[in-house]
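Take a look at the letters that make up each chain.
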Amino acid sequence: MEWYEAIILGLVQGLTEFLPVSSSGHLVIGREILGVEDSGDLVFEVAVHAATVLSTIVVFRHQIWNLLKGLFKWKYNDETDYILKICVSMIPVFIVGVFFKSFVEGLFESLFVVGVALLMTAVLLFLSDMASNPRRPLPAGAMTARNGISYWQAFAVGLGQAFAVIPGLSRSGTTISVGLICGVRREVMAQFSFLMVLVPILGEAFLQVVGGEIGGSTLGVMPVLLGAASAFLSGLFACKAMIALVKKARLTWFALYCAVVSLLIMIFG
């Protein structure tokens, strides 16, 4: 991978992480367009995802700081409740990371998988728009759940995140869609979706640094660092605007985009 290719792919990651269109899927598509050979590892993907997570931390720094302050009050409060629900949401993706890591890595080699998964993303986004119709009655208890989301809803969203390790199946799109279908309000789900990914991605990046996988990657250190820097800066630029867009825009438009890209992959891929 050349240095300019790493920067371009980092930009793609940073700009698509906050939209329900699958940043990992677009990385695979970007590799194909640029002619970048697959390195056989996920070091670059993890690095650029971690970089956009860092940009998320910068944007949500006040909310994160308030959650941490509430956690150290040593009593069960709104902040403790929110953090525990994030922990519950991480259980499924933790299981996938421990037992199915090699299988997931293999999926990144297939453009066909991306095409199918993008079509699945389109279907989920379309269904979530129908589910979030204001005239649709909410499930029992949805209005009374603390912080706007219950433990079972948090676990259901976590299941969505676990399946979204498949490239082309948008993590934000899947988690937001599952939350909306389960009755979580859009403004609650938008923030929860972006905060629940912080620990899994940063944890994976930390393990790769400690395990020496970044230094041992066939890509070399420089492309990984350039891609991460590019993803971080583009993520900072896009984060606030994109999150506001996800909160307010009809997800059907993103569903249409994913369906068109999926069709193009099936035809030309």
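Here, the structure is the one placed above.
Here we summarise the structure given alongside this text. (Residues numbered from 1 in each chain as written. Predicted model: local features only at pLDDT ≥ 70, side-chain atom pairs only at ≥ 80, totals over all residues. Heavy atoms only, no water.)

**Looking at the overall build of the chain**
- Looking only at helices and strands, one finds 15 helices and 0 strands in the chain.
- Relative to its 269 residues, the chain shows a buried fraction of 51%.
- Long-range pairs, those at least 24 residues apart, make up 83% of the contacts in the chain with a sequence separation of at least 6.
- Counting every atom, the chain has about 13,000 Å² of accessible surface; 72% of that belongs to carbon and sulfur. (Helix = DSSP H or I, 4+ residues; strand = E, 2+ residues; numbered from the N terminus. Buried < 20%, exposed > 50% of the residue type's maximum accessible area, 1.4 Å probe, protein only. Contact = heavy atoms within 4.5 Å. Areas by Shrake-Rupley, 256 points an atom, 1.4 Å probe, with all protein chains shown as cover.)

**Details of the layout of surface pockets**
- Counted as a void, the second largest pocket has a volume near 290 Å³.
- Those elements that place two or more of their residues in the lining of the second largest pocket are α4 (61-71), α5 (78-89) and α12 (198-210).
- The element that contributes the greatest number of residues to the lining of the second largest pocket is α4, accounting for 4 residues.
- Among the residues making up the lining of the second largest pocket, the classes are represented as 13 nonpolar, no polar and no charged. (1 Å grid on protein atoms, 1.4 Å probe; cavity = no way out; pocket = protein on both sides within 12 Å on 5 of 7 lines; lining within 4 Å. Points joined across faces, edges and corners; volume = space filled by probe spheres on them. Nonpolar A, V, L, I, M, F, W, Y, C, P; charged D, E, K, R; others polar.)

**What to know about the packing of helix α8 (residues 111-131) against helix α10 (residues 171-181)**
- One can describe the packing of α8 onto α10 by two numbers: an axis separation of 8 Å at closest approach and a directional angle of 30°. By the angle between their directions, the pair α8 and α10 is classed as roughly parallel. Helix-helix and strand crossings are classified by hand; for α8 and α10 the assignment is left-handed. From α8, Leu124, Leu125, Leu127, Ser128 and Ala131 reach across to α10, where they touch Gly173, Thr174, Ser177, Leu180 and Ile181.
- Here the residues of the contact of α8 with α10 sort into 6 nonpolar, 4 polar and no charged. (Axes fitted to C-alpha atoms, helices over the stretch in contact; angles between N-to-C directions. Parallel < 35°, antiparallel > 145°, perpendicular 65-115°, else oblique. Left-handed = near helix turned anticlockwise from the far one by under 90°.)

**Side note on the packing of aromatic side chains**
- Per the counting criterion, the structure on display carries 1 aromatic pair.
- Their ring planes at 75° and their centres at 5.6 Å tell us that tyrosine 82 and phenylalanine 192 sit as a pair that is edge-to-face. Residue tyrosine 82 is found in helix α5, and its partner phenylalanine 192 is found in helix α11 (residues 186-195); the two are separated by 110 residues along the sequence.
- Exposure remark for tyrosine 82: the relative accessible area of 7% places this residue in the buried category. (Phe/Tyr/Trp six-rings, centres within 6.5 Å; stacked < 30°, edge-to-face > 60°.)

**Notes on the pattern of salt bridges**
- Inspection of the entire model under this criterion finds 2 salt bridges.
- Of the charged contacts in the structure, one is a salt bridge between arginine 146 and aspartate 78, with a shortest N-O distance of 2.6 Å. Here arginine 146 is found in the loop between α8 and α9 (151-163), whereas its partner aspartate 78 is found in helix α5, with 68 residues between them in sequence.
- The shortest N-O distance in the salt bridge between aspartate 81 and lysine 85 comes to 2.8 Å. Pair noted here: aspartate 81 and lysine 85 are both in helix α5, with a separation of 4 residues, about one helical turn. Here the two residues aspartate 81 and lysine 85 agree in accessibility, since each one is buried. (Salt bridge = Lys/Arg side-chain N within 4 Å of Asp/Glu carboxyl O.)

**Re the nonpolar core**
- Membership of the largest hydrophobic core comes to 50 residues, with the highest contact counts inside it found for Ile29, Val114, Leu118, Phe192, Leu195 and Ile265.
- Ignoring any residue separated from it by four or fewer positions in sequence, one finds valine 114 in contact with Gly25, Val28, Ile29, Pro167, Gly168 and Ile265.
- With 8 residues, the next largest nonpolar core counts Leu9, Leu27, Phe44 and Ala51 among its residues. (Core = buried A, V, L, I, M, F, W, Y, C linked by side-chain atoms within 4.5 Å.)

**What about the side chain of serine 262?**
- In this structure, serine 262 sits in helix α15 (residues 252-268).
- Dropping the residues within four chain positions of it, serine 262 is found in contact with Gly115, Leu118 and Leu119.

**Overview of the side chain of threonine 52**
- Locating threonine 52 in the fold gives a position in helix α3 (residues 43-59).
- Under the relative-accessibility criterion, threonine 52 is labelled buried at 1%.
- Beyond its immediate chain neighbours, meaning those up to four positions away, threonine 52 contacts Gln13, Gly14, Glu17, Phe18 and Ala231.

**Concerning α4**
- Among the residues of α4, those classed as buried are Ile64, Leu67 and Gly70. One side of α4 carries all its buried residues, which in axial view fall inside an arc of 125°. Facing away from the buried side of α4 by more than 90 degrees, the exposed set consists of His62 and Trp65. (Arc of directions from axis to C-beta.)

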